[in-house]
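The primary structure of each chain is shown beneath.
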Amino acid sequence: MAAKDLTVGNVKKTMLVFALPYLLSCFLQTFYGLVDMYVVGLYDSASVTTAVAIGSQVMHLLTVMIVGLAMGVTVELGRAIGAHDFKKAARAVETSVFFFVGLSFVLMVAVILLAKPLTLVMMTPLEARTNTSVYLIICGAGLPFIVAYNLISSIYRGIGDSRSPLIFIAIACVVNIILDFLFVGYCGLGANGAALATILAQAVSVAFSLIMLKKKGLGFETSKERTHFYRESFRSVIGVGLPVALQDGFIQVAFIVITVIANSRGLIVSTSVGVVEKIICFLFLVPSAFLSAISAITAQNMGAGKRDRARESLRFGLLVTVSWGLLCFVICQIMPGVLVGLFRSESEIITAGSQYLRAYSIDCVFAALHFCFSGYFCGDQKSGISFLHNLISVIFFRIPGTYLAVKMFPNTLYPMGLAAPIGSFVSFLICLGFYFYYRKKEA
């Protein structure tokens, strides 16, 4: 399979062709997470739903950081492909496999050992603690599959192929849904069944991706005897991936802090926030897809010396994602109760969740802005900017804003939901400042 050249052709068409499969991949991945919540809500109590929501949030933190690290692989490969340096591309792949295999087993052991402490740190309601702890242990045991899937997907995207990861996640989605109804519905395993379904689905997906990788190849030769570790490639991958992983980690820490604050207010608020976080993850799929598309296209074009083409991809990404964000905002204002009601039928949860969703949905617009800029900066090997703006947003706005809202407005979740969009707006302003600074510097 030959690497796809993203430095030629119509930019808009190239971006849509790349972004659409990635968008569908994100949709399917989020969809089967929503199915977990739906099936558990269908067969079990609110405490089990809370366990899945809290446990999956911890796992999501680890997953997005793994994806962030893997972004370094995508960018390093993209720049090598854009410059037609296939030796450099091969070294990036070999080094990444060496590093991520080791990382996966370290994470697996850490999550299994820390499952109970993590449950307590999250201030999980007493009714949901046992289920949350076991959920984390099961998912922790399956972390090597999660790491493997995201690494293989990042490699494919680095060579310009976003369709193959779509196939991998589609397989995982189908297997996960079937196993959800089998383990949770038929076998009555509750949160444990949801965790087993997720991990087994990832394992099947990884097995298929490895078979496909062996059959089609990458379009350039890598060592067939053993995997090598190249320090220069590692520094390049980590130089981009680590700031992205940290920035995504900070965002998820903000989500977790919000969850902890919500958990301290009881089961109704905890469940309401957990449901809304799932909905927001779904609404953020489009900006997430374009972040990845912009970073991959920017990386290849920067490697080929086509900076104007990279900027054009950013402008088009902003147009699409902001339009999507406005649509999501309007829908959440009109029918928040319907969206929350898809997961829980209790009137108290629908009321509280609707308040939170109405405010939080403003972030669909502001997040779209800084997601696109983050993709552009990552592709230009300036991922430290993304780390900086997210750090400022989380430490000075998201977390303090949430805390103050809870203290000052204990009877409604609406003010609590405003903390995220305020933080995203600050991130956008910082991104805009850096963008014009470098435009002026490069002129």
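Residues numbered from 1 in each chain as written. Predicted model: local features only at pLDDT ≥ 70, side-chain atom pairs only at ≥ 80, totals over all residues. Heavy atoms only, no water.

(A) Representation of the overall build of the protein in the model. Helix and strand counts for the protein come out as 17 helices and zero strands. The C-alpha extent of the protein, read off along each of the three principal axes, is 60 × 50 × 35 Å. Residues classed as buried in the protein amount to 57% of the 443 residues present. The long-range share in the protein, meaning contacts at least 24 apart out of those at least 6 apart in sequence, stands at 84%. (Helix = DSSP H or I, 4+ residues; strand = E, 2+ residues; numbered from the N terminus. Buried < 20%, exposed > 50% of the residue type's maximum accessible area, 1.4 Å probe, protein only. Contact = heavy atoms within 4.5 Å.)

(B) Structural detail: the side chain of N390. For N390, the position within the fold is in helix α15 (residues 383–408). Of the polar contacts made by the side chain of N390, one reaches the side chain of H389; its length is 3.5 Å. Other than its neighbours up to four places away in sequence, N390 contacts Q247, I251, H370 and S427. (Polar contact = N/O pair within 3.5 Å; in protein donor to acceptor, adjacent residues only side chain to side chain.)

(C) Summary view of the packing of aromatic side chains. This structure, assessed with the given rule, holds 13 aromatic pairs. Look at Y156 and F168: their rings are 5.6 Å apart centre to centre, the planes differ by 65°, and that puts the pair in the edge-to-face class. Of the two residues, Y156 is situated in helix α5 (residues 143–158) and F168 in helix α6 (residues 163–186); the sequence distance between them amounts to 12 residues. In terms of burial, Y156 and F168 fall into one category: buried. Relative to F371, the ring of F284 has its centre 5.8 Å away and its plane inclined at 70°; by these criteria the two rings are edge-to-face. Placement of the pair is F284 in the loop between α9 (267–283) and α10 (285–303) and F371 in helix α14 (residues 363–379), with a sequence separation of 87 residues. As far as burial versus exposure is concerned, F284 and F371 are alike and both buried. Through a chain of ring-to-ring contacts, the aromatic side chains of F373, Y376, F377, F428, Y435 and F436 assemble into a single cluster. Here the guanidinium or amino end of K382 rests over the ring plane of Y438, the centre of that ring lying 4.8 Å away. (Phe/Tyr/Trp six-rings, centres within 6.5 Å; stacked < 30°, edge-to-face > 60°. Lys NZ or Arg CZ within 6 Å of the ring centre and 35° of its normal.)

(D) Local environment of the nonpolar core. Counting 101 residues, the largest nonpolar core has L143 and M416 as the members making the most contacts within it. The biggest single contributor to this core is helix α2 (residues 46–82), with 18 residues. The contacts of L143, once residues within four sequence positions are left out, are M59, L62, I66, S104, L107, M108 and V111. By size, the runner-up hydrophobic cluster in this structure holds 26 residues, among which are C372, Y376, I385 and C431. (Core = buried A, V, L, I, M, F, W, Y, C linked by side-chain atoms within 4.5 Å.)

(E) Main features of α10. Taking 1.5 Å per residue, 19 residues should reach 27 Å; α10 reaches 27 Å between its end C-alpha atoms and fits that length. In terms of residue burial, α10 counts as a mostly covered element, since 17 of its 19 residues are buried. Of the residues flanking the end of α10, it is G305, one or two places downstream, whose phi is positive at about 75°. (Expected span 1.5 Å × (residues − 1).)

(F) Broad picture of a nonpolar patch on the surface. Taken together, L327, V330, I331, I334, M335 and V338 make up a surface patch of nonpolar side chains, about 510 Å² in accessible area. Here the nonpolar patch takes four residues from helix α11 (residues 307–334), the largest share from any one element. Take V338: it is sitting in helix α12 (residues 336–341). (Patch = residues over 30% accessible without salt bridge, like charges linked within 9 Å, V, L, I, M, F, W, Y side chains within 5 Å. Areas by Shrake-Rupley, 256 points an atom, 1.4 Å probe, with all protein chains shown as cover. Salt bridge = Lys/Arg side-chain N within 4 Å of Asp/Glu carboxyl O.)

Geometric descriptors of this kind do not, in isolation, establish any biological role.
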